[in-house]
Amino acid sequence: MASKNETSPGVSHGSLLAKRDAHTQKRNSAEKRFRIYGMVALSIGVLFLIFLFASILRSGLPAFTQTVLNVEFVVSQEDFDTAESKMLKTKAYQDIFVAALSAELAIRNLDVAFDNKAIERIVGKPGGTIRSYFTEDPSRIGQPATFELAASSRVDGYFNGRVTRETLVDSRFLKVTDLDLVDALQAGGIMRQAFNWNFITGTDSGVDNPGGAGLGASVIGSFFMMLVVLFLSLPIGVAASIYLEEFAPQNRWTDFIEVNISNLAAVPSIVFGLLGLALFINLFGLPRSAPLVGGLVLSLMTLPVIITSTREALAGVPKNFREACWNLGASRWQTIRKVVLPNAVSGILTGVILEVSRTTGETAPIMFTGAAFYLPFLPQSVMDQTMALSLHLFVVSTQVPNMPEAVPYGVALVLIAMVMLMNSLSIALRMYLRGRKKW
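A. Molecular detail of the environment of Met367. With respect to the secondary-structure elements, Met367 resides in helix α17 (residues 364-367). Along the sequence, Met367 and Leu277 sit 90 residues apart, while their C-alpha atoms lie 9.7 Å from each other.

Laid out in structure tokens, this is it:
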């Protein structure tokens with residue numbers, strides 16, 4: 001009698017393995033369906049992501065361009081000497097600018113009437129800028145000088161199609177008749193579109209020109225806060241993680257600390273803002289809206305997450321490494337410093353940088369403590385008042401009337417670029433340090 005393991009004559013083991021019964025086919029069909037479901041879910045996620053970025057780019061890119069007016073003229077020494085008393089005043093330079101602009105239009109055979117008020121509605125008051133140019137260096141008198149003046153946000157909106165002759169209502173900011181001058185300047189090549197550096201480096205603006213606001217104070221403020229968070233969270237978080245993972249005894253006190261670290265990581269961010277207001281401003285008297293205070297609040301918020309991720313990186317180092325060092329007579333601290341930390345540094349730094357970059361987009365914690373609503377100057381240190389990109393995005397989106405639609409989306413693009421830069425740095429650092437691992 002043939003045994004159960006023997007096959008019938010003419011039937012090979014391979015043919016039996018290749019044969020698919022109903023149960024095998026059912027399992028394979030379920031696997032195929034799961035793959036299809038996963039691909040569909042991934043495709044939907046990618047499509048939503050593409051749609052999100054396309055919407056932000058389409059709406060935000062106009063914020064990075066501005067309408068500028070270029071005029072070249074000469075203030076001769078003779079003109080300056082004959083009207084020296086007038087040349088000490090801003091209006092004299094503005095009159096010279098208007099005369100030079102009229103001459104430029106006449107050369108191009110563009111006949112359009114305008115006055116100082118029309119110029120002020122289009123490019124503000126250029127007399128102050130021109131006067132500063134010559135008073136800073138009197139030797140410039142008699143030399144050709146070219147001035148590139150930014151047009152108002154409403155003129156910029158006319159170039160971008162946001163403002164039309166039909167929708168424009170005459171006001172002290174812009175009149176329909178001013179658009180005749182704008183069209184003539186554009187036809188003559190005097191007014192054109194240029195990259196808006198002021199949007200990235202400039203200070204905030206007043207109500208007369210909301211679209212001319214710059215992000216300089218917000219970018220610097222966010223950068224200062226990130227530095228404070230990095231310099232506080234990295235040493236404190238890593239030190240706490242090393243103690244809990246390598247030195248702390250396993251008892252009720254340690255378990256209590258670990259449970260509370262996990263609980264703090266789940267606390268809403270706005271609670272940390274209220275804590276910072278009560279602790280750092282009301283109790284310690286630190287200056288409000290300073291990057292130092294905002295950085296301290298964000299450090300409190302990020303420490304639980306950094307401690308958790310650092311402990312995971314330390315636990316990922318094989319225990320055999322530690323035992324080998326101990327068998328060779330190394331102390332616990334020598335083992336940590338020479339073996340554990342070098343092998344865990346990629347995971348530690350990756351977690352720290354990712355968490356610090358995430359705090360760049362936090363608004364609630366710094367709303368009470370670390371950022372100003374409006375600031376017309378750039379901060380010089382972590383103790384100066386400053387703004388932040390996340391709060392600035394909220395302000396220009398909800399609190400400022402007549403704000404061009406492109407500005408909030410432009411702020412969002414700068415914020416996304418800042419976070420992506422930090423994430424790219426984290427990925428590059430992780431790949432570099434992982435390439436140096438020997439296991």
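Structure's up, so let's keep going.
B. Inspection of the pattern of salt bridges at higher detail. Taken as a whole and assessed by the stated rule, the structure comprises 12 salt bridges. Of the charged contacts in the structure, one is a salt bridge between Asp183 and Arg165, with a shortest N-O distance of 2.6 Å. Of this pair, Asp183 sits in helix α9 (residues 178-187) while Arg165 sits in the loop between α8 (153-160) and α9, and the two are 18 residues apart along the sequence. By relative accessible area, Asp183 is classed as partly exposed at 27%. Judged by relative accessible area, Arg165 falls into the partly exposed class, the value being 31%. Ionic contacts of the salt-bridge type, sharing partners, join the residues Arg165, Asp180 and Asp183 into one network.

C. Region of interest: the sheet that holds strand β3 (residues 191-195). In spatial order, the strands read β2-β1-β3; together these 3 strands make up an open sheet with antiparallel pairing. The open sheet has two edge strands with one neighbour each: β2 (145-150) and β3. Recorded for the sheet is a direction-independent mean angle of 40 degrees between the axes of neighbouring strands. Strand direction decides the pairing type here: strand β1 (residues 65-73) and β2, joined by 6 bridges, are antiparallel. Note on β2: the bridge partner recorded for Val71 is Phe147. Relative to β1, helix α5 (residues 90-107) is tilted by about 90 degrees, and along the sheet it contacts β1 and β2.

D. Focus on the packing of helix α15 (residues 319-327) against helix α16 (residues 332-359). Look at α15 against α16: their axes get within 10 Å of each other, and the N-to-C directions meet at 145 degrees. As α15 runs across α16, the sense of the crossing is right-handed. Residue-level inspection shows Phe321, Arg322, Cys325 and Trp326 of α15 in contact with α16, the latter providing Arg332, Thr335, Val339, Val340 and Asn343. Within the contact of α15 with α16, the residues separate by chemical class into 5 nonpolar, 2 polar and 2 charged.

E. View of empty space enclosed by the protein. According to the stated counting rule, one finds 1 cavity of 30 Å³ or more in the structure shown. By volume, the largest cavity amounts to about 60 Å³. In this structure, the largest cavity is lined by Ser222, Met225, Met226, Leu298, Thr359, Thr360, Glu362, Ile366, Ala388 and Ser390. With 3 residues, the top contributor of residues to the lining of the largest cavity is helix α11 (residues 216-247). Across the lining of the largest cavity, the residue classes tally to 5 nonpolar, 4 polar and 1 charged.

F. Highlighting the packing of helix α12 (residues 252-265) against helix α14 (residues 291-315). Remark: α12 packs on α14, axes separated minimally by 8 Å, with the N-to-C direction vectors making an angle of 125 degrees. In terms of orientation, α12 and α14 fall into the oblique class. For the element pair α12 and α14, the recorded crossing hand is left-handed. Along the contact surface, α12 presents Glu258, Ile261, Leu264 and Ala265, while α14 presents Pro304, Val305, Ile307, Thr308 and Arg311. Tallied by class, residues from the contact of α12 with α14 come to 6 nonpolar, 1 polar and 2 charged.

Criteria and cut-off values
Residues numbered from 1 in each chain as written. Predicted model: local features only at pLDDT ≥ 70, side-chain atom pairs only at ≥ 80, totals over all residues. Heavy atoms only, no water. Helix = DSSP H or I, 4+ residues; strand = E, 2+ residues; numbered from the N terminus. Salt bridge = Lys/Arg side-chain N within 4 Å of Asp/Glu carboxyl O. Buried < 20%, exposed > 50% of the residue type's maximum accessible area, 1.4 Å probe, protein only. Pairing = 2+ DSSP bridges. Axes fitted to C-alpha atoms, helices over the stretch in contact; angles between N-to-C directions. Contact = heavy atoms within 4.5 Å. Left-handed = near helix turned anticlockwise from the far one by under 90°. Nonpolar A, V, L, I, M, F, W, Y, C, P; charged D, E, K, R; others polar. 1 Å grid on protein atoms, 1.4 Å probe; cavity = no way out; pocket = protein on both sides within 12 Å on 5 of 7 lines; lining within 4 Å. Points joined across faces, edges and corners; volume = space filled by probe spheres on them. Parallel < 35°, antiparallel > 145°, perpendicular 65-115°, else oblique.

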